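Here's the letter readout for the chains.
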Amino acid sequence: MLSPNNPVVIAARKLLDVSQATGEVVLLIRRTFSWMVRAPIERNNLLYQMVEMGNRTFPVASLTLVFTGMVVALQTGFSMIRGFNEPLYIGTALGHSIFKELSPVLTGMVFAGRVGAAIAAELGTMKVTEQLDALYTLGTNPVKYLAVPRFIAAITMLPLLVIYADLMGVIGGYIVAMIQLRIPSTEYIDDITNLDLDIVLHGFLKSFFFALIIVAVSCYKGFTTKGGAEGVGKATTAAVVISMVMILISDYFVSAVLVSLGIG
Amino acid sequence: MSEPIIRVAGLQKSFGAKKIHNGISFSLEEGETLTIIGGSGTGKSVLLKQIIGLIKPDSGGIFVEGEDITQLDEDELQKVQKKMGYVFQESALFDSLSVGENVAFGLHTIMDAEKPHALKIARQKLAMVGLSGIEELRPSQLSGGMKKRVGIARAIAMGPEILLYDEPTTGLDPVMTDVISDLILKLKEESGTTAIAVTHDMKSAYKISDKIAMLFEGKILQIGSPDEIQNSSNPIVRQFIAGSSHGPIPVPRV
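Computed from a predicted model, the values in this text were never measured in an experiment.

Draft legend 1. Representation of the overall build of chain A in the model. Tallying secondary structure elements over chain A gives eight helices and zero strands in all. For chain A, the α and β elements follow one another from N to C terminus as α-α-α-α-α-α-α-α. Counting only C-alpha atoms and orienting by the principal axes, one finds that chain A spans roughly 70 × 55 × 35 Å. Of all 264 residues assigned to chain A, the portion counted as buried reaches 45%. Across chain A, the fraction of contacts at a sequence separation of at least 24, relative to all contacts at a separation of at least 6, is 88%.

Draft legend 2. Geometry of the nonpolar core. Among the nonpolar cores identified, the biggest contains 134 residues, and A:Ala154, A:Ile214, A:Cys219, B:Ala153, B:Leu164 and B:Ile196 are the most heavily contacted of them. Residues lining this core come from more than one domain, with at least three contributed by each of domain 1 (30–59 + 73–83 + 160–254) and domain 2 (92–159) of chain B. Excluding its chain neighbours within four sequence positions, the residues that come into contact with A:Ala154 are A:Met53, A:Val115, A:Ala211, A:Ile214 and A:Val215.

Draft legend 3. Up close: the interface of chain B and chain A. Between chain B and chain A, the residue contacts involve 14 residues of the former and 10 residues of the latter. Grouping the amino acids of the side of chain B that touches chain A by side-chain chemistry returns eight nonpolar, four polar and two charged.

Draft legend 4. Molecular detail of the confidence of the model for chain B. Per-residue pLDDT for chain B averages 90, and the proportion of residues at 70 or more is 98%. Overall fold confidence (pTM) sits at 0.88, and the ipTM for the predicted complex is 0.87.

Draft legend 5. Spotlight on the packing of helix 3 (residues 90–128) of chain A against helix 8 (residues 228–260) of chain A. Residue and element names in this part refer to chain A. Contact pair helix 3 / helix 8: the axes reach a minimum separation of 8 Å and the direction vectors enclose 150°. Here helix 3 is positioned roughly antiparallel relative to helix 8, judged by the angle of their axes. The crossing of helix 3 and helix 8 is right-handed. Residue-level inspection shows Val105, Gly108, Met109, Ala112, Gly113, Gly116, Ala117, Ala120, Ala121, Gly124, Thr125 and Val128 of helix 3 in contact with helix 8, the latter providing Gly228, Gly231, Val232, Ala235, Thr236, Ala239, Val240, Ser243, Met244, Ile247 and Asp251. In terms of residue class, the contact of helix 3 with helix 8 is built from 13 nonpolar, nine polar and one charged.

Draft legend 6. Molecular detail of the domain arrangement of chain B. All names here are of chain B. On domain assignment, one finds that chain B holds domain 1 (30–59 + 73–83 + 160–254) and domain 2 (92–159). Here the C-alpha centroids of domain 1 and domain 2 sit 24 Å apart. Contacts between domain 1 and domain 2 engage 11 residues on the former and 11 residues on the latter. For the side of domain 1 that touches domain 2, the leading source of residues is helix 6 (residues 174–191), giving five residues. Class assignment for the residues of the side of domain 1 that touches domain 2 results in nine nonpolar, one polar and one charged.

Draft legend 7. Highlighting the environment of B:Met202. Within the fold, B:Met202 resides in helix 7 (residues 202–208). Spatially, the C-alpha atoms of B:Met202 and B:Gly243 are 9.2 Å apart, while their sequence positions differ by 41 residues.

Draft legend 8. Spatial organisation of the pairing of strand 7 (residues 162–166) of chain B. All names here are of chain B. Counted residue by residue, strand 7 has five buried out of five residues, so it is predominantly covered. The pairing of strand 6 (residues 84–87) with strand 7 spans four bridges and is classified as parallel. Residue Met84 lies in a different strand from strand 7, and its bridge partner there is Ile162.

Conventions we followed
- Position numbers for residues start from 1 in each chain and track the written sequence from start to end.
- To label them, take the chains in the order written and letter them from A, then take the ligands in the order written and number them from 1.
- Restriction of local features to residues with pLDDT of at least 70 applies here, the model being predicted, together with a cutoff of 80 or more for giving and counting side-chain atom pairs; totals for whole chains, interfaces and linings are based on all residues.
- Here a helix means four or more residues in a row that DSSP labels H or I, a strand means two or more in a row labelled E, and each is numbered from the N terminus.
- The exposure label follows from counting other C-beta atoms within 10 Å of a residue's C-beta, where the C-beta atoms are placed from the backbone and the thresholds are 20 or more for buried and 12 or fewer for exposed, leaving partly exposed in between.
- Residue pairs qualify as contacts under a 7 Å threshold applied to their C-beta atoms, which are placed from the backbone.
- Here, a nonpolar core means buried Ala, Val, Leu, Ile, Met, Phe, Trp, Tyr and Cys residues linked by C-beta atoms lying within 7 Å of one another.
- The split of the chain into domains comes from an automatic or database domain assignment.
- Residue polarity follows a fixed list, in which Ala, Val, Leu, Ile, Met, Phe, Trp, Tyr, Cys and Pro are nonpolar, Asp, Glu, Lys and Arg are charged, and the others, Gly among them, are polar.
- The predictor attaches a confidence to each residue, and that confidence, scored 0 to 100, is pLDDT.
- What counts as an axis is a line fitted to C-alpha atoms, over the stretch in contact for a helix, and the angles between N-to-C directions run from 0 to 180 degrees.
- Every angle not falling under 35 degrees, over 145, or within 65 to 115 is termed oblique; those three ranges are roughly parallel, roughly antiparallel and roughly perpendicular.
- Helix crossings fall into two classes, left-handed where the near helix is turned counterclockwise from the far one by less than a right angle and right-handed where it is turned clockwise.
- Strand pairing requires that DSSP identify at least two bridges connecting the strands.

Listed below in structure tokens is the structure:
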């Protein structure tokens, strides 16, 4: 018989925990979607969540994408100058990298840090102060009352924020293209406008999956918080870290599926 | 003989290797108040949470008006829960809502009352617990005693037949403890509600109870009227009600 402290036993236990948690997240998603169709959605609550999520993400996502656009334009421009003596295809390269990858992934990261953390902390606090139990005793299912509006708000707001972040990235690139690389603005704008809509659609569609990951993981971590203030802190950190890692991992697989479908 | 309003039969509950309840049985007639006493960690709150369906027992039955709630699905359980009000130990008021919205919550979400009507009833219930004019405040702006009373107002808002109080007086000063005890008595007299309270506070237990049950090592050690408990010959019950560290109840050595 192996001792409980044996590394193999510990690894096996961890694997079981992860499998169980994954199953429970999937169940939570299923229950949330089932409540979405079964019960009317409280419009005020949903609107409040959407405004909160937008407000939380908007400033940091703007700053992140403007500077990302600037650095992409700078790196592409100077690489082109070294290779071809002039800054070619700045808008095209920037459009591909920002629209398809950087905007959805970085906005997703910001969303996980700002919104995911807030969801896990709020629901976790409600759990440890018995507010979730109180909801049950008042005949209200916490999934219906708390998870449903957060799921809908996240799945709506992140894609919109990604479109907005795309624009911020383009503006950042434009600033560098004009001031530092000195390329004509029409050339930069033509590069961008000549891109296929598929490129934008690729990043836009990915953001739905990222939103689902963030909101499902954060709600799950909040609902399963244990152990007072320390537990809330752990749940919040775990929600953010797991969401970010899952975004990066799923990015590859979702991108592969979208590319195989001819989107982007 | 009619079925008691609450009947608990052979309840067993464990958390991991720790056995919390090992065959708990009791019954309660309509309009009676039962107080459950017992040391910390003996599973008093777990028992209340099982009665309202927040925690599922491992085995045994909990019959509310003859219906075994341990066998009900989520929707059916919710119907039974509407007959009950639960007062939480730490009040568990919703931070994101005002006091008025907290009290009106169940009326608005379950009873489908229009919000202004629900808030009107909430004002009446708050007045019943001696808290008029605080509807707009947030729970964080209230004192401990006020939170307890708002918790009671929220629990009685939907006119439940059964009220469950989880340590309603813990953490309050002696005067406020008596205010809450009087309030529990007043609610019983005015609406004839059946109640189960969990408490450590013997003064409050004697005042509000028709029956007192002592929980010890997963079982009901003794159940009887306040007089019977006060004059119990059981050394464990005697030690507990006397609040002594000397006796058969195992206590940590300091």
